[in-house]
Amino acid sequence: MTTARPALDPELQALLADMPLMSQLSQEALAQVRPFSSMPVEPLLEGRAIDRHEVTVSAPDGTPIPLSVFSPTKTDHTSTAPCVYWMHGGGMVMGDRFSQIDIPLEWLDEFGAVVVSVDYRLAPEATGTALVDDCYQGLLWIAEHAAELGIDPARIIVAGASAGGGLAAGVTLLARDLGTPTIAAQVLIGPMLDHRNTSASSRQFSGGPGVWTREMNEFGWRCLLGDLADDEVPVYVSPALADDLSGLPTTYIDTGSAEVFRDEDTDYATRIWAVGGQAELHVWAGGFHGFDALYPQAHISATARRTRTEWLARVLHTNPAA
């Protein structure tokens, strides 16, 4: 039986026609696509006044976790900057710290923000809480080195796309429950929040090729969860499981109407509102998963990216540096 689904934005549909699409992922296919899941960062830095340096922090088990730090080149060292902590997408199984880095680098340009991007371990080589633990260790490092980085510890923004959005949500829950560090806001871009894969939008985008299908999503989660039973999955890994979404920082969530994660993302926003939290939700009509990262030149993509930036401007304006 064919499940009706929202139509794609016409401009996106035309652009997507030239992209080779898959319906499923396997270990063999993953080995083939992984090398193409990130682009070099150097071309993005050309012509921009950006200083870059690399650091390494240790995971709880001693595994080294690379972090890239991008700072605006400046002569005024008397003021502190906001920080955007970036978690990349890739279904938990691919990508690296430079994937979709153009998104937070726009915020470096716009707000003078310091951008820190984490190279968390990938599934299936790493499973369970390893990925979110890696990301949390990076957040702790940022907070501990705020003065050295020239950032305001009260203006740390946690952000991510797709799998990185899910990890950002998990890190934010973890920071809330452990009481540190303070997160000013979270930006969740098409976040991968729910391992159960049972929503209406999940079923709609199944049984055919796409940018990210239900079958591909099942593969990503299976790689991450390994042998964990449903009742053993931690909420920090699959944030939609969290019973309590109170006490979270102000949240931005966006998604497309024509994507697998639409319903779990809208539900997450609804549940934040239900406990008195603040969230801004945008469901972009005709947007498929990752549309604004894949085709930033499309009108809907430019609008989505500008809307996120305007929201972040309001957040930073209400919480200015001392």
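Residues numbered from 1 in each chain as written. Predicted model: local features only at pLDDT ≥ 70, side-chain atom pairs only at ≥ 80, totals over all residues. Heavy atoms only, no water.

Within this model, the largest pocket holds a volume of roughly 1200 Å³. Forming the walls of the largest pocket are 44 residues, and the residues nearest its centre are Met19, Phe36, Ser37, Gln100 and Leu294. Looking at the lining of the largest pocket element by element, the count peaks at four residues for helix H11 (residues 291-294). Residues that form the lining of the largest pocket fall into these classes: 24 nonpolar, 15 polar and five charged. (1 Å grid on protein atoms, 1.4 Å probe; cavity = no way out; pocket = protein on both sides within 12 Å on 5 of 7 lines; lining within 4 Å. Points joined across faces, edges and corners; volume = space filled by probe spheres on them. Helix = DSSP H or I, 4+ residues; strand = E, 2+ residues; numbered from the N terminus. Nonpolar A, V, L, I, M, F, W, Y, C, P; charged D, E, K, R; others polar.)

Bringing the packing of aromatic side chains into the picture now. Inspection of the entire model under this criterion finds two aromatic pairs. Each ring, one from tyrosine 252 and one from tryptophan 311, has its centre 5.3 Å from the other, and the planes form 55 degrees; the classification is tilted. Here tryptophan 311 lies in helix H12 (residues 299-318) and tyrosine 252 lies in strand S7 (residues 250-256), a separation of 59 residues in the sequence. Residues phenylalanine 288 and tyrosine 295 carry aromatic rings whose centres are separated by 6.3 Å and whose planes lie at 85 degrees to one another, so their mutual orientation is edge-to-face. When its relative accessible area of 4% is taken as the criterion, phenylalanine 288 is described as buried. (Phe/Tyr/Trp six-rings, centres within 6.5 Å; stacked < 30°, edge-to-face > 60°. Buried < 20%, exposed > 50% of the residue type's maximum accessible area, 1.4 Å probe, protein only.)

Attention now goes to unusual backbone geometry. In most cases, non-glycine residues show a negative phi, while peptide bonds are predominantly trans. In the segment running from alanine 123 into proline 124, the intervening peptide bond is cis, with an omega of 5 degrees. Inspection of the secondary structure assignment puts proline 124 in the loop between strand S4 (114-118) and helix H5 (130-144). A cis amide bond, omega -10 degrees, links threonine 180 with the succeeding residue proline 181. Here proline 181 shows up in the loop between helix H7 (163-178) and strand S6 (185-189). Positive phi values are uncommon outside glycine, yet methionine 92 reaches one of about 75 degrees. Mapped onto the fold, methionine 92 is located in the loop between strand S3 (81-87) and helix H4 (102-111). Taking relative accessible area as the criterion, methionine 92 reaches 0% and is therefore assigned buried.

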